[in-house]
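Tertiary structure, described
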Amino acid sequence: MYKLKTKMIPSGEDIIEMSGVETLHPGGFDLSKRIGELVNFNPSVHVLDVSSGKGTFACYYAQEFGCKVTGIDINKKFVEISIEKAKKRDLSNLVDFKIGDSTKLPFPDNSFDVVVNECAVGLTVINNPQGVINEMFRVTKPNGTIVIHESIWLKDLTQSVKDELAMKVGTTPYTVEEWSDLLIKAGAKIKTVEDWSGIENIQKIRPNHKWNKKRPHDFLTLPEKLTLIPKIIFKYGIGALNEINKFQKEGLKYFNEGYYGYVLMIGSK
Ligand SMILES: C[S@@+](CC[C@H](N)C(=O)[O-])C[C@H]1O[C@@H](n2cnc3c(N)ncnc32)[C@H](O)[C@@H]1O
């Protein structure tokens, strides 16, 4: 959420959250599969999924690789959905979820073999990427692995344009060098940097969705929009719809012109 003069407007992150979409990171399952393979997830590994959202990827890691996974998220409703999901998939013996803040992880030092954060280090609601990374590093075991997947600037823009876009999207991109510096400052050694930019990766958020060629970011179906619009009007007022439309066009322009992308970074402790 951000403030425009006197009005509160939902950010892109708020809209995704309100929309009921299950998978909340670009790259979707392909990205998570790649992480599991690169880091060699297996039954002897205990993974912490920081900001685990609706538990989709924590369950996926356990199901696909047999590893133990703990998910943590600040949103109580998401944690309840996650616990239910694990139960339904018969994964409660491998996966557990907790409510908690990524800047104050409720775990002792050196607790997990791998600590993953998919698209929630740069969130503007947290506004403390170094604090999140420091905490991820603290709870990783010595020789363990820390993984982030984050938005990046691929070309330069003025700081005021960057700040405005970050506020509207709901997450702050940095350059790959800046993300590296944050990891190194926490104490990590960088092992892998992979580019996950491009519209094809955005669209992996929903692999079965019928994407509109003219509106390649339009990730909701018509019935989903018809459910979401009254919620937005109720919470933010009708003016918010105009602002969202305006921003979709602006945001698309920066994306299409290659200013904005995603990176997967893996470091070791
Ligand atoms: C973009 S979603 C990513 C969810 C998940 N990692 C995924 O890829 O599907 C961001 C998540 O961060 C969570 N979040 C926001 N602030 C948080 C905080 N301070 N501590 C922990 N989680 C937080 C939100 O509730 C949301 O689930």
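See the structure shown above.
Residues numbered from 1 in each chain as written. Predicted model: local features only at pLDDT ≥ 70, side-chain atom pairs only at ≥ 80, totals over all residues.

1. A look at the overall build of the chain
Let me state the cut-off plainly: To qualify as a helix, a DSSP run of H or I must reach at least 4 residues; to qualify as a strand, a run of E must reach at least 2; elements of each kind are numbered from the N terminus. Only the C-alpha atoms count toward the radius of gyration. The rule for a globule is 2.2 Å times the residue count to the power 0.38. Counts of 20 or more other C-beta atoms within 10 Å of a residue's own C-beta define buried residues, counts of 12 or fewer define exposed ones, and intermediate counts define partly exposed ones; C-beta atoms are placed from the backbone. Two residues qualify as a contact pair if the distance between their C-beta atoms, derived from the backbone, is within 7 Å.
When helices and strands are tallied, the chain shows 10 helices and 9 strands. Computed over the C-alpha atoms, the radius of gyration of the chain is 18 Å, within 12% of the 18 Å expected from 2.2 N^0.38 for a compact globule of 269 residues. Looking at the 269 residues of the chain, the share that counts as buried comes to 39%. Pairs at least 24 residues apart make up 76% of the contacts formed inside the chain by residues separated by at least 6 positions.

2. Observations regarding the nonpolar core
Heads up, the rule is: Take the buried Ala, Val, Leu, Ile, Met, Phe, Trp, Tyr and Cys residues, join any whose C-beta atoms are within 7 Å, and the set you get is a nonpolar core.
Counting residues in hydrophobic clusters, the biggest one holds 49 residues, and the most contacted among them are Val47, Tyr61 and Val115. Looking at this core, the element that brings in the most residues is helix α3 (residues 56–65), giving 7 residues. Leaving out residues up to four positions away in the same chain, Tyr61 has contacts with Ser32, Gly36, Phe41, Val47, Cys67 and Val69.

3. Observations regarding the sheet that holds strand β5 (residues 95–99)
Heads up, the rule is: For two strands to be treated as a pair, DSSP must find at least two bridges joining them. For every element, the axis is a line fit to its C-alpha atoms; helices are fit only across the contacting stretch, and the angle between N-to-C directions ranges from 0 to 180 degrees.
Overall, mixed pairing links the 7 strands, which are arranged β5-β4-β3-β6-β7-β9-β8 in an open sheet. Because the sheet does not close on itself, it has two edges, and the strands there are β5 and β8 (189–195). Strand after strand, the sheet turns through a mean of 20° between neighbouring axes, direction not considered. Packing of helix α2 (residues 28–39) onto the sheet brings it into contact with β6 (112–118), β7 (140–153), β8 and β9 (260–268), and relative to β7 it is tilted by some 150°.

4. Comments concerning the packing of helix α5 (residues 129–139) against helix α7 (residues 176–186)
Applied cut-off: Note that the term roughly parallel is reserved for angles under 35 degrees, roughly antiparallel for angles over 145, roughly perpendicular for angles of 65 to 115, and oblique for everything else. Left-handed is the label given to a crossing in which the near helix is rotated counterclockwise from the far helix by less than a right angle, and right-handed is the label when the rotation is clockwise. Amino acid classes used here: Ala, Val, Leu, Ile, Met, Phe, Trp, Tyr, Cys and Pro are nonpolar; Asp, Glu, Lys and Arg are charged; the rest, including Gly, are polar.
Two elements in contact, α5 and α7, have axes separated by 9 Å at closest approach and are oriented at 45°. Regarding the angle of α5 to α7, the classification is oblique. As for how α5 packs across α7, the hand of that crossing is right-handed. The residues of α7 that touch α5, namely those facing Pro129, Gln130, Ile133, Asn134 and Phe137, are Leu182, Leu183, Lys185 and Ala186. Tallied by class, residues from the contact of α5 with α7 come to 6 nonpolar, 2 polar and 1 charged.

5. Details of the pairing of β7
Put simply, the rule reads: For the handedness criterion, the strands are oriented away from the viewer, and a crossover whose path from the first strand over the helix to the second runs clockwise is classed as right-handed.
Along β7, 10 of the 14 residues are buried, which leaves the element largely enclosed by surrounding structure. Bridge count for β6 against β7 is 6 bridges, and the pairing is parallel. When the sheet's bridge partners are listed, Asn117 is paired in β7 with Ile148. Regarding the hand of the β-α-β motif, the stretch spanning β6, α5 and β7 is right-handed. Bridge analysis of β7 against β9 gives 9 bridges, and the strand direction is antiparallel. Its bridge partner lying in β9, His149 is registered against Leu264.

6. A word on unusual backbone geometry
Residue Ser51 is not a glycine yet carries a positive backbone phi of 60°. Mapped onto the secondary structure, Ser51 falls in the loop between β3 (46–50) and α3. The exposure class of Ser51 is buried, given the 24 C-beta atoms found within 10 Å.

7. A word on the environment of Leu264
Relative to the helices and strands, Leu264 is located in strand β9. Of the residues examined, Leu264 has 19 C-beta atoms within 10 Å and is grouped as partly exposed. When neighbours within four sequence positions are excluded, Leu264 is seen to be in contact with Leu31, His149, Glu194 and Trp196.

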